[in-house]
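# Analysis of the macromolecular model
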Amino acid sequence: MKENILPAIRNMRDFERLTKTNYKACVLLDMHIGHLKSIMGLLKQNNIECYIHIDLIKGLSHDEFACEYIIQQYQPKGIVSTKTKVIRKAKSLNTLTIFRVFIIDSQALTRSIELIKKVEPDFVEVLPGIASKAVNQIQKETSTSVIAGGLINDEEEIQEAISSGAKYVTTSYQKLW
């Protein structure tokens, strides 16, 4: 187990692999609403806490009402979203938050920093995770812990993200778990 890795689970194969590791937390991506109850039950059986990415749950609206429902029904460790309303709702319900931002250019970086300061999430996930310059700048300009994610597929990229100020790295690339 690597202390700075937060496994990103996209399917049952990923989940099965996760249960064979020592990880005690993960991020659920691309889930079908009909599978969520059984997956949450299996996670609980394996003593694994999870962050649920609200925006990627199929069959559920991606708004603050869906967020409230997920928190009330499943009590996840936290909520992941690109939407400020969802992050605010999760915070109001005393649930950890990961605000996911995509840094595609300098304007996106500036706008993301403004939103992070406004919403004050517990973590911000910066994509792509290989954007060490953005990770560093967000870490310096906000008081929010940074998680790097996306396009990370070797040990050197993990170390670069951590050295740039990221607290964790999310990856679905199982060889890095």
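Before any of the text, the structure's been laid out above.
First, a word on scope: everything that follows refers to the structure included in this document. (Residues numbered from 1 in each chain as written. Predicted model: local features only at pLDDT ≥ 70, side-chain atom pairs only at ≥ 80, totals over all residues. Heavy atoms only, no water.)

### Observations concerning the nonpolar core
We count it as follows: In this text, buried Ala, Val, Leu, Ile, Met, Phe, Trp, Tyr and Cys residues form a nonpolar core when linked through side-chain atoms within 4.5 Å. For each residue, the accessible area found with a 1.4 Å probe, counting protein chains only, is set against the maximum for its type, and the residue is called buried under 20%, exposed over 50%, and partly exposed in between. In what follows, residue pairs with any heavy atoms lying within 4.5 Å of each other are defined as contacts.
Judged by nonpolar contacts, the single largest core of 50 residues is most densely connected at Leu28, Leu36, Leu43, Ile70 and Ile138. Leucine 28 has contacts with Ile9, Leu36, Ile39, Met40, Leu43, Cys50, Tyr51, Ile52 and His53, leaving out every residue within four places of it along the chain. Core analysis: the second largest hydrophobic core is formed by 10 residues, Ala8, Val80, Ile98 and Ile147 among them.

### Here's the deal with unusual backbone geometry
Test applied: Numbering of helices and strands starts at the N terminus; helices are DSSP runs of H or I of at least 4 residues and strands are runs of E of at least 2.
Residue proline 128 follows leucine 127 across a cis peptide bond; omega there is 0°. The residue glutamine 75 is not glycine, and still its phi comes out positive at about 45°. Relative to the elements of secondary structure, glutamine 75 occurs in the loop between helix H3 (64-74) and strand E4 (78-81). Even without being a glycine, glutamate 120 presents a positive backbone phi close to 50°.

### Here we look at the pattern of salt bridges
Applicable threshold: A pairing counts as a salt bridge when a side-chain nitrogen of Lys or Arg comes within 4 Å of a carboxyl oxygen of Asp or Glu.
Counted under the stated rule, the structure contains seven salt bridges. The salt bridge involving lysine 2 is made with glutamate 155; its shortest N-O contact spans 3.1 Å. Here lysine 2 is found in the segment before strand E1 (5-9), whereas its partner glutamate 155 is found in helix H7 (residues 155-163), with 153 residues between them in sequence. Of the charged contacts in the structure, one is a salt bridge between glutamate 68 and lysine 89, with a shortest N-O distance of 3.9 Å. Remark: lysine 89 occurs in helix H4 (residues 84-92) and glutamate 68 occurs in helix H3; sequence separation between them is 21 residues. A relative accessible area of 24% means that glutamate 68 is categorised as partly exposed. For lysine 89, a relative accessible area of 24% puts it in the partly exposed group.

### Notes on the sheet that holds strand E5 (residues 96-102)
Threshold: Strand pairing is assigned whenever DSSP identifies at least 2 bridges connecting the two strands. In this analysis an axis means a line fitted to C-alpha atoms, helices contributing only their contacting stretch, and an angle means the value between N-to-C directions, from 0 to 180 degrees.
Overall, parallel pairing links the eight strands, which are arranged E1-E2-E3-E4-E5-E6-E7-E8 in a closed barrel. Between one strand axis and the next, the sheet turns by 25° as a mean value, whatever way the strands run. Relative to strand E8 (residues 166-171), strand E7 (residues 145-149) is paired through four bridges, and the arrangement is parallel. Its bridge partner being in E8, isoleucine 147 is matched across the sheet by tyrosine 168. On the sheet, helix H1 (residues 12-19) packs against E1 and strand E2 (25-28) and is oriented at approximately 145° with respect to E1.

### Brief notes about the packing of H1 against helix H2 (residues 33-45)
We apply this condition: To sort the angles, those under 35 degrees are grouped as roughly parallel, those over 145 as roughly antiparallel, those from 65 to 115 as roughly perpendicular, and the leftovers as oblique. Classification convention: Asp, Glu, Lys, Arg as charged; Ala, Val, Leu, Ile, Met, Phe, Trp, Tyr, Cys, Pro as nonpolar; all other residues, Gly among them, as polar.
Where H1 contacts H2, the axes come no closer than 11 Å and their chain directions differ by 10°. Between H1 and H2, the angle falls in the class roughly parallel. Judged by residue contacts, Met12, Phe15 and Leu18 of H1 engage Ile39, Leu42 and Leu43 from H2. The residue makeup of the contact of H1 with H2, split by class, is six nonpolar, no polar and no charged.

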